[in-house]
Amino acid sequence: MAERPEDLNLPNAVITRIIKEALPDGVNISKEARSAISRAASVFVLYATSCANNFAMKGKRKTLNASDVLSAMEEMEFQRFVTPLKEALEAYRREQKGKKEASEQKKKDKDKKTDSEEQDKSREEDNDEDEERLDEEEQNEEEELDN
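Residues numbered from 1 in each chain as written. Predicted model: local features only at pLDDT ≥ 70, side-chain atom pairs only at ≥ 80, totals over all residues. Heavy atoms only, no water.

Looking at an unreviewed UniProt entry, one finds the chain named DNA polymerase epsilon subunit 3, with Suricata suricatta as its source organism. In its Subcellular location (unreviewed entry) section, the UniProt entry covering the chain states "Nucleus". (UniProt positions renumbered as here; feature names shortened; annotations may be inferred.)

Q: Account for the nonpolar core, with residues named and values stated.
A: By size, the foremost hydrophobic cluster in this structure holds eight residues: Ala-48, Cys-51, Ala-52, Leu-70, Ala-72, Met-73, Met-76 and Val-82. Of all the secondary-structure elements, those providing two or more residues to this core are helix H2 (31-58) and helix H3 (66-75). (Core = buried A, V, L, I, M, F, W, Y, C linked by side-chain atoms within 4.5 Å. Buried < 20%, exposed > 50% of the residue type's maximum accessible area, 1.4 Å probe, protein only. Helix = DSSP H or I, 4+ residues; strand = E, 2+ residues; numbered from the N terminus.)

Q: Residues and numbers for the environment of Glu-75, please.
A: Note on placement: Glu-75 falls in helix H3. Expressed as a C-alpha distance, the spacing of Glu-75 and Ala-52, which sit 23 residues apart in the sequence, is 9.3 Å. Apart from residues lying up to four places away in sequence, Glu-75 is in contact with Cys-51 and Phe-55. (Contact = heavy atoms within 4.5 Å.)

Q: Tell me about the packing of helix H1 (residues 12-22) against H2, and please be specific about residues and values.
A: Interaxial distance between H1 and H2 falls to 10 Å at its minimum, and their mutual angle equals 105°. With respect to H2, the axis of H1 lies roughly perpendicular. Only Arg-34, Ile-37, Ser-38 and Ala-41 of H2 make contact with H1, whose side of the interface consists of Asn-12, Ile-15, Thr-16 and Ile-19. (Axes fitted to C-alpha atoms, helices over the stretch in contact; angles between N-to-C directions. Parallel < 35°, antiparallel > 145°, perpendicular 65-115°, else oblique.)

This is the structure in structure tokens:
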């Protein structure tokens with residue numbers, strides 16, 4: 001746990017970006033108001049986390065998951081956010097699945113490339129051995145002719 005209360009605040013840059021995205025162009029916000037929103041956001045996150053943790057503990061788990069957070073939102077009477085959160089969660093899962101599939105495909109392509117390079121190298125080595133054998137045979141033939 002944090003030693004000082006200010007350690008629990010969200011980063012100012014994140015809060016400023018969220019505020020700017022929420023407000024129409026040309027609307028400014030005072031430093032005091034930004035600080036108040038930051039503190040309120042931190043308190044909300046702590047409260048939501050605590051509620052979600054209660055659901056995890058009821059499930060005899062130490063790890064919070066998305067369903068714990070969604071249940072906490074309902075318990076905190078923020079039902080109107082549950083549907084958008086579920087949609088965002090599904091979008092996140094699709095994105096992660098796409099990234100995972102892309103990573104696996106990249107690994108397969110790399111393995112194929114490596115296999116292909118190894119085959120090419122093996123062919124080159126075989127060709128080199130064949131050339132060496134032919135050179136030796138030619139030398140032997142020349143030596144036999146010389147004798």
